[in-house]
Amino acid sequence: MTTAQARQDLAVQPTPLALLLLGREADTRSERGVECPGDLPSPSDPDLVARARAAKEKLGEKVFILGHHYQRDEVIQFADVTGDSFKLAKDAAARPGAEYIVFCGVHFMAESADILTTDDQKVVLPDLAAGCSMADMATAEQVAECWDVLTDAGIAERVVPVSYMNSSADIKAFTGKHGGTICTSSNAERALNWAFEQGEQVLFLPDQHLGRNTAVRDLGLSLEDCVLYNPHKPNGGLTAEELRNAKMILWRGHCSVHGRFSLDSVNDVRERVPGVNVLVHPECKHEVVSAADYVGSTEYIIKMLEEAPSGSKWAIGTELNLVQRLANRFAADDKEIVFLDKTVCFCSTMNRIDLPHLVWALESLAEGKEINRIQVEKETADFAQLALERMLALP
């Protein structure tokens, strides 16, 4: 063996997971995608803003750009509408004349937009590697296996699945097929009340924290009424008796951003900022939510700050792009807005949608090239839409 061959043998090769995280491989069971084909503009290109404007102007009414609240400012400036995932999907459905829906968000959001829009509309995700770690924590295979476990325990017929909007189309379809509904962070209480009218138990996926917080804070259930199903353990790490006795079967999933906040974060900010109001998202851990002054969805957080009196102080427990934007927006009103934790906490997958990717997507579409289209298979889309329609019909 030559020295060169020996060096080659010793060279560290990227693992499939490493390539996946870098966006260089595809996994059909995952929210993560692949690299964009073609060459992206350089991030240092001083003409990126002008190029984005020119491409958008050339496309005119053919394009409708959606910007999630957690997007970078450099991207959000080009959004025709901003909002949370479900609001944006509905906004897209309300624009049937737009041929292209460019979704500046993550994969599951683009899937929902494709489900709710017409067959003639094309949903585009500027970077296919913009997935969602929470949505990745529940695959179709894992959830099907969980249902088998519930069936073996003799409770599947009385369990109603409720799935958070932050889930893949496959999970939404499973939910629709098994008589369940979708929920958002703002209507989770209504969704759970509806589910308990349909059955005796709820399988809540994929975010354990939203499920637990809603059940305990809003429905008055106890922590003992909730069990945690771990898809990586046999039978979810639970006995048949534990499953039968539970009111809420929570999937072991969480948001990598909101899960970082801790009780120490709350205590620390109260010491640092006397008189501060702590306002957090319900995807945070139960102890954080219990220690906060206010808890609510992204839209709720924005509304609270809009209505807050001048001179008030706020520590916000949600994604940092949004917190910084709100702090800048309300600075002139003498509202002090700080991030709940000292650690910087951007959503890494949301941040994959940057200005170079947006420019590349818009210029490609303006040149007549169809790129990065998100399409949900018809049967999956039909069952997923059924679950979404149940949510829309909630009292």
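This is a predicted model, so every value here is computed, not measured. (Residues numbered from 1 in each chain as written. Predicted model: local features only at pLDDT ≥ 70, side-chain atom pairs only at ≥ 80, totals over all residues. Heavy atoms only, no water.)

Quick look at the pattern of salt bridges now. The full count for this structure, using the stated rule, is 19 salt bridges. Note that E307 is salt-bridged to K303, the shortest N-O span being 2.8 Å. Note that E307 and K303 are positioned in helix α15 (residues 298-307) at a spacing of four residues, about one turn of the helix. Taking the relative accessible area as the measure of exposure, E307 reaches 53% and is therefore exposed. Residue class for K303 comes out partly exposed when judged on its relative accessible area of 47%. Note that R329 is salt-bridged to E306, the shortest N-O span being 2.7 Å. A residue pair is termed long-range when its members are at least 10 positions apart, and R329 in helix α16 (residues 320-330) and E306 in helix α15 qualify at 23 residues. Here the residues in one salt-bridge network are K62, E99, K122 and E370, joined through shared partners. (Salt bridge = Lys/Arg side-chain N within 4 Å of Asp/Glu carboxyl O. Helix = DSSP H or I, 4+ residues; strand = E, 2+ residues; numbered from the N terminus. Buried < 20%, exposed > 50% of the residue type's maximum accessible area, 1.4 Å probe, protein only.)

Here we take up the pairing of strand β7 (residues 201-205). When you tally the buried positions in β7, you get five out of five residues, the bulk of the element. Alternating residues of β7 divide into Q201, L203 and L205 and V202 and F204, and every residue in both groups is buried. Relative to β7, strand β5 (residues 159-164) runs parallel, the two sharing five bridges. For V159, the partnering residue across the bridge sits in β7 and is Q201. (Pairing = 2+ DSSP bridges.)

Our next topic: the nonpolar core. One recurring pattern in soluble globular proteins: nonpolar side chains tend to sit buried together. Core analysis: the largest hydrophobic core is formed by 110 residues, its most contacted members being V102, F204, M248, V280, L305, I337 and L340. Residue contacts for L305: discarding those within four places in its chain leaves L279, W314, I316, L326, F330, K335 and I337. Judged by nonpolar contacts, the second largest core, of 21 residues, contains V149, I171, V227 and I249. (Core = buried A, V, L, I, M, F, W, Y, C linked by side-chain atoms within 4.5 Å. Contact = heavy atoms within 4.5 Å.)

Taken together, the four strands give an open sheet; going across it, the order is β2-β1-β3-β4, and neighbouring strands pair in parallel fashion. Whereas interior strands pair on both sides, the edge strands pair on one side only; in this sheet they are β2 (81-83) and β4 (122-124). Sheet twist, expressed as the average angle between the axes of neighbouring strands with direction ignored, equals 25°. As defined by bridge partners, strand β3 (residues 100-104) adjoins β4 across three bridges and the pair is classed as parallel. Paired with Y100 across the bridge in β4 is K122. (Axes fitted to C-alpha atoms, helices over the stretch in contact; angles between N-to-C directions.)

This part covers the packing of aromatic side chains. Counted according to the given criterion, the structure contains four aromatic pairs. Both rings, one in W147 and one in F174, keep their centres 5.5 Å apart while their planes meet at 80°; by these two values the pair is edge-to-face. Remark: F174 occurs in helix α9 (residues 169-177) and W147 occurs in helix α8 (residues 140-152); sequence separation between them is 27 residues. On the numbers, 5.5 Å between centres and 65° between planes, the contact of F261 with F339 is edge-to-face. In this pair, F261 is assigned in the loop between β9 (248-251) and α13 (263-272) and F339 in strand β13 (residues 336-339), connecting sequence segments 78 residues apart. The buried category is assigned to F261, whose relative accessible area is 1%. (Phe/Tyr/Trp six-rings, centres within 6.5 Å; stacked < 30°, edge-to-face > 60°.)

With that settled, the discussion passes to the environment of V102. With respect to the helices and strands, V102 occurs in strand β3. Separated by 164 residues in sequence, V102 and V266 place their C-alpha atoms 37 Å apart. Setting aside its immediate chain neighbours within four residues, V102 contacts V63, F64, I65, L66, V124, P126, L358, L362 and L365.

Both trends apply: most residues other than glycine have a negative phi, and most peptide bonds are in trans. The step from L205 to P206 runs through a cis peptide bond, and the omega angle for that step is -5°. Within the secondary structure layout, P206 lies in the loop between β7 and α11 (208-218). Its identity as a non-glycine residue notwithstanding, N372 has a phi of 50°, on the positive side. Tracing the backbone shows N372 in the loop between α17 (355-366) and α18 (378-392). Given the relative accessible area of 8%, N372 is considered buried.

Another aspect to go through is the sheet that holds strand β8 (residues 226-229). An order of β6-β5-β7-β9-β8 is seen for the five strands of this open sheet, with the pairing classed as parallel. Lying at the two open borders of the sheet, with one neighbouring strand each, are β6 (181-183) and β8. Along the sheet, successive strands turn relative to each other by an average axial angle of 25°, direction set aside. Packed on one face of the sheet, helix α10 (residues 188-198) meets β5, β6, β7 and β9 and runs near 165° to β5.

We now examine a negative patch on the surface. A cluster of acidic residues, E141, D170, E377 and E379, forms a negative patch on the protein surface. Checked against the element boundaries, E379 lands in helix α18. (Patch = residues over 30% accessible without salt bridge, like charges linked within 9 Å, V, L, I, M, F, W, Y side chains within 5 Å. Areas by Shrake-Rupley, 256 points an atom, 1.4 Å probe, with all protein chains shown as cover. Lys, Arg positive; Asp, Glu negative; His and termini not counted. Charge placed at Lys NZ, Arg CZ, Asp CG, Glu CD.)

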